[in-house]
Amino acid sequence: TTLDEARGIVFVPLGSAAFDFYGGNRKGANLYANSLVALDAETGERIWHFQTVHHDIWDRDLPAPPTLVTVEQDGQRVDAAAQITKSGHVYVFNRETGESLFPIEEKAYPASDLIGEKAYPTQPLPTKPPAFSRQRLTAEDINPNSRFRDSLIAVLNTTRSDGQFVPPSTEGTIIFPGFDGGGEWGGAGYDPTSGVLYVNANEMPWILTMVEQEQEQPQNLIALGQSVYQGNCMGCHGAELQGSNFHGNAPELVNVAERLDEGQVHEMVRNGKGAMPSFAFLSDTQIDAVTAYLLKTKGASEMIVQTVSQQEAGQLRYNHTGYNRFVDVDGYPAVKPPWGTLNAIDLNKGEILWQVPLGEYPELTEQGIAPTGTENYGGPVVTAGGLIFIGASKDAYLRAFNSATGEELWKHPLPAAGMATPCTYEVDGKQYVVIAAGGGKITDQRGDQYVAFALPD
């Protein structure tokens, strides 16, 4: 959340309605999902709200709190809240009224062909500023440096790729920018003297493939457990229990019985652990069933479940095959660079001033390929001296950029990737910049260090 202390307004960006990718059980716009809500900080009363995605079926939750800004329009200074999105857009609202400072158009998008799904017919997009991430992947956008370009194009030709807000499908739909943005959890930085917003972005395509689930009611505990797993766990841990590197690196569960017993699995499902949320909303029967399924409990396949409704089984009509980045065999993104960027957006004019790659793959740079940028997690901090400090990149550097031009001025390696927003502070007249170097997410590195920097005395 973000607090306007003087006005007593708290701004709350909300997530998506569940299930992320199929909404046959939640027809309509699904307010207040995907909405920025302004509340009276003392009473909690809603002042205004705006929904950035109607009936979300693309996991387009608002990724970060809005940034409080002041925008000059028609000679007037207007206090506003700037909200970044995973689709690569910035919405700018009057803090008090919720009125958009730039026109917003409801644009038409295709209907879904999934049984029971009713995609919303329009989506609200700002006319300014322009999107800070690319919006569509075509054959011309396929990575020209990949050794496997032909195979990438072959995959693209058998997958839907018609840009933002094309509904999920059983043949696969390109989500670009991907599930992790566009903008992400690090949020944006802001320079109040210039009215410029600084935001880093991902440009990774993902492929979302929906699968229709069996509609027959399970007849035994193992079958019920498999159904509960498919409805609640498969998206992160995979259809074959293989795990994934999304949502906190979900571990593989093929041989989970070798490291966890029945009580431990039951407790973890009930209470969650680490990045895994609690599934306390599941009934005892459902948790017993998914535990039996994962541990292959002896005799569970003979234990008859007498009355199990489709809801009890945890099923919707469709699930998905997991979070799958569209990459080549070498692991590089299917799209041509840049794969991660740092952007400067003039909020007074609603224009992008500059965009530069953020991060690099050293092995590609050595081959003479210009820095490509990398996926990045964590935001920028802006100083009055004209610098932007940001970690975030996969290559585990902290960097300083010229805030006026985007020129990279300095970088320093970190013990693990700094996937957090740096902070700056002053002690005895000396300024420091510090970042948490935790790694994880898209790297094999793990760290537990805070690394501080300062100019020499």
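Residues numbered from 1 in each chain as written. Predicted model: local features only at pLDDT ≥ 70, side-chain atom pairs only at ≥ 80, totals over all residues. Heavy atoms only, no water.

Peer 1: Would you mind going over the layout of surface pockets in detail, with residue names and values included?
Peer 2: Volume-wise, the second largest pocket comes out at about 310 Å³. L387, F389, V433, A454 and L455 are the residues nearest the centre of the second largest pocket, which is lined by 13 residues in total. At the level of secondary structure, the elements contributing two or more residues to the lining of the second largest pocket comprise β20 (387-390), β24 (430-439) and β25 (446-454). It is β24 that provides the largest number of residues to the lining of the second largest pocket, a total of four residues. Of the residues that constitute the lining of the second largest pocket, the class distribution is nine nonpolar, three polar and one charged. (1 Å grid on protein atoms, 1.4 Å probe; cavity = no way out; pocket = protein on both sides within 12 Å on 5 of 7 lines; lining within 4 Å. Points joined across faces, edges and corners; volume = space filled by probe spheres on them. Helix = DSSP H or I, 4+ residues; strand = E, 2+ residues; numbered from the N terminus. Nonpolar A, V, L, I, M, F, W, Y, C, P; charged D, E, K, R; others polar.)

Peer 1: Quick one: what's the story with the sheet that holds strand β7 (residues 90-94), residue by residue and with numbers?
Peer 2: Across a sheet, paired strands are connected by hydrogen bonds in the backbone, their directions being either parallel or antiparallel. The strand order across the open sheet formed by three strands is β5-β6-β7, and the pairing between neighbours is antiparallel. Both outer strands of the open sheet, β5 (67-73) and β7, are each paired with one neighbouring strand and no more. Recorded for the sheet is a direction-independent mean angle of 40° between the axes of neighbouring strands. Bridging between strand β6 (residues 76-84) and β7 involves five bridges; their strand directions are antiparallel. If you follow A82 over to β7, its bridge partner there is V92. (Pairing = 2+ DSSP bridges. Axes fitted to C-alpha atoms, helices over the stretch in contact; angles between N-to-C directions.)

Peer 1: An account of the environment of A384 is needed here, citing residue identities and associated values.
Peer 2: Here A384 shows up in the loop between β19 (381-382) and β20. It is 58 Å that separates the C-alpha atoms of A384 and A292, two residues lying 92 residues apart in sequence.

Peer 1: Give a detailed account of helix α5 (residues 284-295), specifying residues and quantitative values.
Peer 2: Counting along an α-helix, one turn takes 3.6 residues, and residues three or four places apart therefore face a common direction. A rise of 1.5 Å per residue sets the reference length of α5, with its 12 residues, at 16 Å; its end C-alpha atoms lie 16 Å apart and thus fit the reference within 8%. Of all 12 residues in α5, nine are buried, a share of seventy percent or more. Those residues of α5 that fall on the buried side of the exposure criterion are Q286, I287, A289, V290, T291, A292, Y293, L294 and L295. For α5, the elements touching its buried residues are α2 (221-232) and α4 (262-271). Of the residues one or two after α5, K296 is the one with positive phi, at around 50°. (Expected span 1.5 Å × (residues − 1). Buried < 20%, exposed > 50% of the residue type's maximum accessible area, 1.4 Å probe, protein only. Contact = heavy atoms within 4.5 Å.)

Peer 1: Go over the packing of aromatic side chains, please, and point to the residues and values.
Peer 2: Under the definition given, this model contains 22 aromatic pairs. Geometrically, the ring pair formed by F19 and F21 is edge-to-face, given 5.8 Å between the ring centres and 90° between the ring planes. Accessibility expressed as a relative area gives 18% for F19, which makes it buried. Considering the side-chain rings of F50 and Y91, the 5.7 Å spacing of their centres and the 45° angle between planes classify their relative orientation as tilted. Note that F50 is positioned in strand β4 (residues 46-51) and Y91 in strand β7, a separation of 41 residues in sequence. Classification of Y91 as buried rests on a relative accessible area of 2%. Members of the aromatic cluster, each reached through a chain of ring pairs, are F11, W48, F50, Y91 and F93. Positioned above the aromatic ring of Y397 is the side chain of K411, whose terminal nitrogen or guanidinium carbon lies 4.6 Å from the ring centre. (Phe/Tyr/Trp six-rings, centres within 6.5 Å; stacked < 30°, edge-to-face > 60°. Lys NZ or Arg CZ within 6 Å of the ring centre and 35° of its normal.)

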